[in-house]
Amino acid sequence: MLVPFGTDSGTTRLIAKKIAKQIKARAGDGVATKPVNVNRASAEDLLGYRALILGTPTYGEGVLPGIANGTDEAAWLEFLPKLAGKDFTGKRIALYGLGDQETYPTHFCDAMMDLHRFFSDAGAELLGATGTEGYEFRRSRAVVDGRFVGLALDQHLQHLLTDERIDAWLDQVLPLLLEVCEAPAAEV
Ligand SMILES: Cc1cc2nc3c(=O)[nH]c(=O)nc-3n(C[C@H](O)[C@H](O)[C@H](O)COP(=O)(O)O)c2cc1C
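Everything numeric in this text was worked out from a predicted model, so none of it was measured. (Residues numbered from 1 in each chain as written. Predicted model: local features only at pLDDT ≥ 70, side-chain atom pairs only at ≥ 80, totals over all residues.)

A. Structural context of the overall build of the protein. Tallying secondary structure elements over the protein gives 5 helices and 9 strands in all. For the protein, the C-alpha radius of gyration of 15 Å lies close to 16 Å, the compact-globule estimate for 188 residues. When the backbone C-alpha atoms are referred to their principal axes, the protein occupies close to 45 × 35 × 30 Å. (Helix = DSSP H or I, 4+ residues; strand = E, 2+ residues; numbered from the N terminus. Rg over C-alpha atoms; globule rule 2.2 N^0.38 Å.)

Okay, here's the thing in structure tokens:
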């Protein structure tokens, strides 16, 4: 299972590692689980897996991380064009996003929606919607029909809730992701 993330200041990398470690603890060594920064990944890296967990922070005023959106590091903004025209049919993708609901209460974790739209347009099955209870924000583009399209995490205001949120979310998405996982030998 691949765990690709975009990041600027490194927090999403820590979360990707945490998620990968949890998956290993739950699923064992039989499932190769690899966090990878999208600024070092190729389209083929992603296409080599049937199950992916994608993570992104939100930058600017509710946009994906990337140099044109004000981050120092290249991230999803530079990576998504490499996937233009690629077919993700048959793949399952769970999303999580990092944001700051106190400083950006009207754009909380917005960028998760950009990944959601991109990968559902590319044919993937998107998993992992979660409720909005327990958060304090005013608006988020990542909320559809009253639920976030993935797991929303806030390492600024609510970092103490992160481990339990990841735990509950993996209970929900991991069985569905493992269902489509290939044998490790077939993975890139
Ligand atoms: C310039 C800047 C703009 C941000 N804009 C938003 C935003 O619009 N919405 C949001 O939820 N969080 C926003 N954040 C908070 C980041 O998403 C949050 O700090 C995240 O944990 C950073 O992840 P990273 O360390 O992986 O880059 C912003 C942070 C910075 C520094």
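B. Expanded view of the site of the ligand. Close to the ligand lie 22 residues, the nearest being Thr11, Thr12, Pro57, Gly99 and Tyr104. For the shell around the ligand, the class distribution of residues is 6 nonpolar, 12 polar and 4 charged. (Near = placed C-beta within 6 Å. Nonpolar A, V, L, I, M, F, W, Y, C, P; charged D, E, K, R; others polar.)

C. The sheet that holds strand β6 (residues 130–131), seen in detail. Strand order in the open sheet made by the 3 strands is β6-β8-β7, with antiparallel pairing throughout. In this open sheet, the two edge strands, each paired with only one partner strand, are β6 and β7 (143–144). Pairing analysis gives 2 bridges linking β6 to strand β8 (residues 147–148), with the strands arranged antiparallel. Each residue of the ladder has a partner; that of Thr130, found in β8, is Phe148. (Pairing = 2+ DSSP bridges.)

D. Up close: the packing of helix α1 (residues 11–27) against helix α5 (residues 162–180). Two elements in contact, α1 and α5, have axes whose closest approach is 11 Å; the angle formed by their N-to-C orientations is 65°. Note on packing geometry: the crossing formed by α1 with α5 is right-handed. Contacts from Lys18, Ile19, Gln22, Ile23, Arg26 and Ala27 of α1 reach α5 at Ile166, Leu170, Leu174 and Leu178. Split into classes, the residues belonging to the contact of α1 with α5 amount to 7 nonpolar, 1 polar and 2 charged. (Axes fitted to C-alpha atoms, helices over the stretch in contact; angles between N-to-C directions. Left-handed = near helix turned anticlockwise from the far one by under 90°. Contact = placed C-beta atoms within 7 Å.)

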